[in-house]
Amino acid sequence: CGICGIYNLDNQKIQKSELTLMNNEMESRGPDSEGFFINNNFGMAMRRLSIIDIEHSNQPMLSDNKNISIIFNGEIYNYIELKNELKKNNVNFRTNGDTEVIIKLYENFGENFVKKLNGMFSICIYDKIENKVLIYRDRFGIKPLYYHITDKKLLFSSSLYSLKKIQKNLKKSKESFFLYLCFNYFPSKKTVYKNVNSLLPGEYIKVENNTISINKYYDKSISKNNLNYEKFDEKIFRDLLNDSIKINLRSDVQLGLFMSSGMDSSII
């Protein structure tokens, strides 16, 4: 799938034609359906590749009271467990997918709901009551999310081509080019374009009262420091591996597996 959006900091109303240009550029990421949400100076859109709950989990998806709207690229592997946990607290569901689970988690746990997710994702949530926008990227940056901030607007998208579709004056960065030659990738938040950044893994953008902040909800260095490298329990390792594979295989469509010659693929 692919997601994109525009937040006009000067309170100008969103033009759907701009969102459409951005969204159409991502058709190859999501050929099955598209959706748009616009509220005054904020708008978001998505292209969907249907994997789970094909018929009923189209996006943008709204909460039951219409106050929360969401677009979401990725997959929440533990959505069934999270759904069952919420049901115990008398939370009702109308779909069988992971998108609605995210909405219900946000309604019950606020901004920190993301800490409960096991998966790969880029998520945008619009909260009508709080009048804020939240844009998350998964802990290890598996799903792409790019953003561009000017004095007048915030643009975000799963695709650089999508951003460039309406921000035609983007300039290529010589610094990023040389870094790419050194490392064969763009380090940190850099991209090929000046002033276009990649949201770092474990970060989220918050837009509230026309103020943009970038926050961290996960720091892998802290988790790394808590690991015990001297103790290896093969049973625990096998259990974790089997559980990881099992929840990755959840799908309502046929599955395929790509294997390399690396250690991880050999173990699988």
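Look up a bit, the structure's there.
Definitions and cut-offs
- Note that residues are indexed from 1 along each chain, following the sequence as it is written.
- Reporting of local features is limited, given that this is a predicted model, to residues whose pLDDT is at least 70; pairs of side-chain atoms are given and counted only at 80 or more, and all residues count toward the totals for whole chains, interfaces and linings.
- With hydrogens and water set aside, each side-chain value is computed from the structure's full complement of heavy atoms.
- Segments assigned H or I by DSSP are reported as helices when at least four residues long, segments assigned E as strands when at least two residues long, and all are numbered from the N terminus.
- The size measure is the radius of gyration over C-alpha atoms, and the globule rule it meets is 2.2 Å times the number of residues to the 0.38 power.
- Partly exposed describes any residue whose relative accessible area lies between the buried limit of under 20% and the exposed limit of over 50%, with all areas from a 1.4 Å probe on protein chains only and scaled to the type maximum.
- What sets the accessible areas is the Shrake-Rupley method with a 1.4 Å probe; for residues, cover comes only from the shown protein chains.
- His is not counted, nor are the chain ends; Lys and Arg add positive charge and Asp and Glu add negative charge.
- To locate a charge, take NZ of a lysine, CZ of an arginine, CG of an aspartate or CD of a glutamate.
- Polar contact criterion, stated in full: a pair of N or O atoms within 3.5 Å, where within protein one must be able to donate a hydrogen and the other to accept it, and residues adjacent in sequence count only if both atoms are side-chain atoms.
- Two residues qualify as a contact provided that any one of their heavy atoms is within 4.5 Å of a heavy atom in the partner residue.
- Throughout this description, the term nonpolar core refers to a set of buried Ala, Val, Leu, Ile, Met, Phe, Trp, Tyr and Cys residues connected via side-chain atoms within 4.5 Å.
- A strand pair is defined by DSSP finding two or more bridges across the two strands.
- All axes are obtained by fitting lines to C-alpha atoms, using only the stretch in contact for helices, and the reported angles, taken between N-to-C directions, cover 0 to 180 degrees.
- In this analysis, the protein atoms alone were mapped onto a 1 Å grid. Cavities are point sets where a 1.4 Å probe fits without being able to get out; pockets are open sets with protein on both sides within 12 Å along at least five of seven lines; lining residues have an atom within 4 Å of a point.
- Grid points are joined across faces, edges and corners, and a volume is the space filled by probe spheres set on the points.
- Under the grouping applied here, Gly and all other residues not named as nonpolar or charged are polar, the nonpolar ones being Ala, Val, Leu, Ile, Met, Phe, Trp, Tyr, Cys and Pro and the charged ones Asp, Glu, Lys and Arg.
- Between 30 and 60 degrees the pair is tilted, below 30 it is stacked and above 60 it is edge-to-face, where a pair is any two Phe, Tyr or Trp rings, Trp via its six-membered ring, whose centres lie within 6.5 Å.

## With respect to the overall build of the protein
Argument step 1. Helix and strand content of the protein: eight helices and twelve strands.
Argument step 2. The C-alpha radius of gyration of the protein comes to 19 Å, within 12% of the 18 Å expected for a compact globule of 268 residues.
Argument step 3. In terms of overall dimensions, the protein has C-alpha extents of about 55 × 55 × 35 Å along its principal axes.
Argument step 4. Buried residues in the protein amount to 46% of all 268 residues.
Argument step 5. When the accessible surface of the protein is summed, it comes to about 15300 Å², and 49% of that surface belongs to carbon and sulfur atoms.
Argument step 6. Each charge sign in the protein was given a centre, from 38 positive and 31 negative side chains, and these centres are 5 Å apart.

## Observations regarding the side chain of T191
Argument step 1. Its location among the elements puts T191 in the loop between α5 (174-183) and β10 (196-198).
Argument step 2. For T191, a relative accessible area of 2% corresponds to the buried category.
Argument step 3. Side-chain polar atoms of T191 contact the backbone oxygen of V196, separated by 2.7 Å.
Argument step 4. Once residues lying within four places of it in the same chain are set aside, the contact partners of T191 are Y146, L160, S173, S176, F186, V196, N197 and S198.

## Details of the nonpolar core
Argument step 1. F113, L117, F121, I123 and Y136 are the most contacted members of the largest nonpolar core, which has 27 residues in total.
Argument step 2. Every element with two or more residues in this core is listed here: β5 (68-76), α2 (79-87), α3 (98-109), β6 (119-127) and β7 (132-137).
Argument step 3. If you tally residues by element for this core, the top one is α3, at five residues.
Argument step 4. In this structure, I123 is in contact with I3, I70, I71, F72, I102, L117, L134, I135 and Y136, ignoring residues within four places of it in sequence.
Argument step 5. The next biggest cluster of nonpolar side chains, apart from the first, holds 20 residues, and it includes F42, M46, I71 and L145.

## So, the sheet that holds strand β9 (residues 153-157)
Argument step 1. Ordered in space as β2-β3-β1-β9-β8-β10, the six strands form an open sheet in which the pairing is antiparallel. The sheet is open, and its two edges are formed by β2 (33-39) and β10, each paired on a single side. Within this sheet the neighbouring strands show an average axis-to-axis angle of 15°, counted without direction.
Argument step 2. Sheet analysis places β2 next to strand β3 (residues 42-48), joined by seven bridges and oriented antiparallel. Its bridge partner lying in β3, E34 is registered against R47.

## Describing the layout of surface pockets
Argument step 1. Estimated volume of the largest pocket: approximately 780 Å³.
Argument step 2. In this structure, the largest pocket is lined by 22 residues; those nearest its centre are Y77, N248, L249, L257 and I268.
Argument step 3. Residue assignment for the lining of the largest pocket shows that the elements contributing at least two residues are α7 (234-248) and α8 (263-267).
Argument step 4. For the lining of the largest pocket, a count of residues per class yields 15 nonpolar, five polar and two charged.
Argument step 5. Size it by volume and the second largest pocket reaches roughly 320 Å³.

## Some thoughts on the pairing of β9
Argument step 1. Most of β9 sits out of view: five of its five residues are buried.
Argument step 2. Neither face of β9 is open: one carries K153, L155 and S157, the other L154 and F156, and all of them are buried.
Argument step 3. Direction of pairing for strand β1 (residues 2-8) relative to β9: antiparallel, over a ladder of five bridges. Bridging across to β9, C4 finds its partner in S157.
Argument step 4. Here strand β8 (residues 146-149) pairs with β9 via four bridges, running antiparallel. In the sheet register, I149 faces β9, and the bridge partner there is L154.
Argument step 5. The loop that links β8 with its antiparallel partner β9 comprises three residues.

## Looking at the packing of aromatic side chains
Describing an aromatic ring pair means giving the distance of the ring centres and the angle of the ring planes.
Argument step 1. Considering all chains together, one arrives at eleven aromatic pairs under this definition.
Argument step 2. A ring pair is formed by F113 and Y136, whose centres lie 5.2 Å apart and whose planes are at 75°; its orientation type is edge-to-face. Of this pair, F113 sits in the loop between α3 and β6 while Y136 sits in strand β7, and the two are 23 residues apart along the sequence.
Argument step 3. Accessibility expressed as a relative area gives 0% for F113, which makes it buried.

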